[in-house]
Amino acid sequence: MTEQQGITEEAARIRRSAIAEAREAGQTLEEIAKALGVTPGRVSQMRKGPVAKAPTPPASQRPPVIVQRALPTDPATRGSVSLFLVEAERQGITPGRKMLYVGLEPAAEHIAACLRVQPDEEVIARRKMMTANDVPVRIATSFFRNDLFGGTRIAEPDFVKPSLQSAIQALGYTFGHAEETLTARPATRFEADTLQLDPGEWVVQVLRASYSSEGTPIHTLETICSANRHIFTIGQVGGLDEF
């Protein structure tokens, strides 16, 4: 469902463009309706809305931006109002974020495994897009089990204040441990459209599964990063390694 977002809207824009071209060529609504096998009134409905736009300029024409993403994240940063806002401001970048979706959706297999639910079971999703200097760089989605967090502030639309971390702790959960993995892969259609990627560009998926001190899967964060707009700095625990 996530991968196919936007296809219907794009098809509707293409259809509106075709109808506009036919009208400019002198065809009447009745002639267009007969060719499509619909009524003239239906053609009028199809015409409403913007027509297809020119393709987004390639990345080389957009303002260049590189964002650093630290792994693992400093606990003080993760516990702040927003990991991305704090990291970006430290790097001298103007950050922005926009909530894209809050609601229930079927859990993909990798999300279901982290939350220990069945694939396609409905979970709470909180999806937002991050920008750096007005350039889209990340899609971050927080997933929560509906049986644990349904009916709480975490299931409500808009941003949770002062932070998700404080809301989770207010419900009585204490952090135990987290498992974080990175995967580089081609972008899905939805990811490419949202991040304004050029054809063939890849993304880096950072998947962080967090568990309470009792081992309960509390929060799974999937961050989709534009690969050519990020540098990942990896920290090593001191005293536990060799040259």
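Residues numbered from 1 in each chain as written. Predicted model: local features only at pLDDT ≥ 70, side-chain atom pairs only at ≥ 80, totals over all residues. Heavy atoms only, no water.

With that out of the way, let us pick up the pairing of strand β7 (residues 217-226). Of all 10 residues in β7, 10 are buried; the element is thus mostly enclosed. As defined by bridge partners, strand β4 (residues 135-145) adjoins β7 across 6 bridges and the pair is classed as antiparallel. By the bridge assignment, Ala140 is partnered in β7 with Thr223. For strand β6 (residues 202-212) and β7, the ladder comprises 9 bridges, and the chain directions are antiparallel. Bridge pairing links Ser210 to His219 in β7. (Buried < 20%, exposed > 50% of the residue type's maximum accessible area, 1.4 Å probe, protein only. Helix = DSSP H or I, 4+ residues; strand = E, 2+ residues; numbered from the N terminus. Pairing = 2+ DSSP bridges.)

With that settled, consider helix α2 (residues 29-36). Leu29, Ile32 and Ala33 are the residues of α2 that are buried. End-on view of α2: buried residues confined to an arc of 100 degrees, all on one side of the axis. In this structure, α2 carries Glu30, Lys34 and Ala35 as exposed residues pointing more than 90 degrees from its buried face. In this structure, the buried residues of α2 make contact with α1 (7-24) and α3 (40-47). The first or second residue beyond α2 is Gly37, which carries a positive phi of 75 degrees. (Arc of directions from axis to C-beta. Contact = heavy atoms within 4.5 Å.)

Phi is mostly negative for residues that are not glycine, and the peptide bonds are mostly trans. Here the residue pair Lys161 and Pro162 is connected by a cis peptide bond, since its omega of 0 degrees sits within 30 degrees of zero. Considering the arrangement of structural elements, one finds Pro162 in the loop between α7 (146-149) and α8 (164-170). In this model, Gln196 sits at a positive phi of 55 degrees, which is unusual for a non-glycine residue. Here Gln196 is to be found in the loop between α9 (189-195) and β6.

What follows deals with the sheet that holds strand β3 (residues 122-132). A sheet is described by the order of its strands in space; here 6 strands give the open sequence β2-β3-β4-β7-β6-β5, paired in antiparallel fashion. Only two strands of the sheet have a single neighbouring strand rather than two, namely β2 (95-106) and β5 (175-186). Each strand axis lies, on average, 15 degrees off the axis of its neighbour in the sheet, ignoring direction. Here β2 pairs with β3 via 11 bridges, running antiparallel. The partner of Pro95 across the bridge, within β3, is Ala132. (Axes fitted to C-alpha atoms, helices over the stretch in contact; angles between N-to-C directions.)

By the definition in use, this model includes 2 aromatic pairs. Ring centres 5.5 Å apart and planes at 40 degrees place the aromatic pair Phe149 and Tyr173 in the tilted group. Of this pair, Phe149 sits in helix α7 while Tyr173 sits in the loop between α8 and β5; the two residues are 24 residues apart in sequence, bridging distant segments of the chain. Given a relative accessible area of 0%, Phe149 falls into the buried group. (Phe/Tyr/Trp six-rings, centres within 6.5 Å; stacked < 30°, edge-to-face > 60°.)

Of the residues in the chain, 83% have a pLDDT of 70 or more, and the chain-wide mean is 84. Within the chain, the element-level pLDDT minimum falls on helix α4 (residues 75-78), averaging 56, and the maximum on helix α6 (residues 109-115), averaging 96. (pLDDT = per-residue confidence, 0-100.)

Under the definition given, this model contains 5 salt bridges. A salt bridge links Glu105 to Arg127, with the nearest nitrogen and oxygen atoms 2.8 Å apart. Separated by 22 residues along the polypeptide, Glu105 in strand β2 and Arg127 in strand β3 bring together distant segments of the chain. Accessibility classification places Glu105 together with Arg127 in one group, the buried group. Arg208 serves as the salt-bridge partner of Glu180, at 3.6 Å between the closest nitrogen and oxygen. One end of the pair, Glu180, is in strand β5; the other, Arg208, is in strand β6, and 28 residues separate them in sequence. (Salt bridge = Lys/Arg side-chain N within 4 Å of Asp/Glu carboxyl O.)

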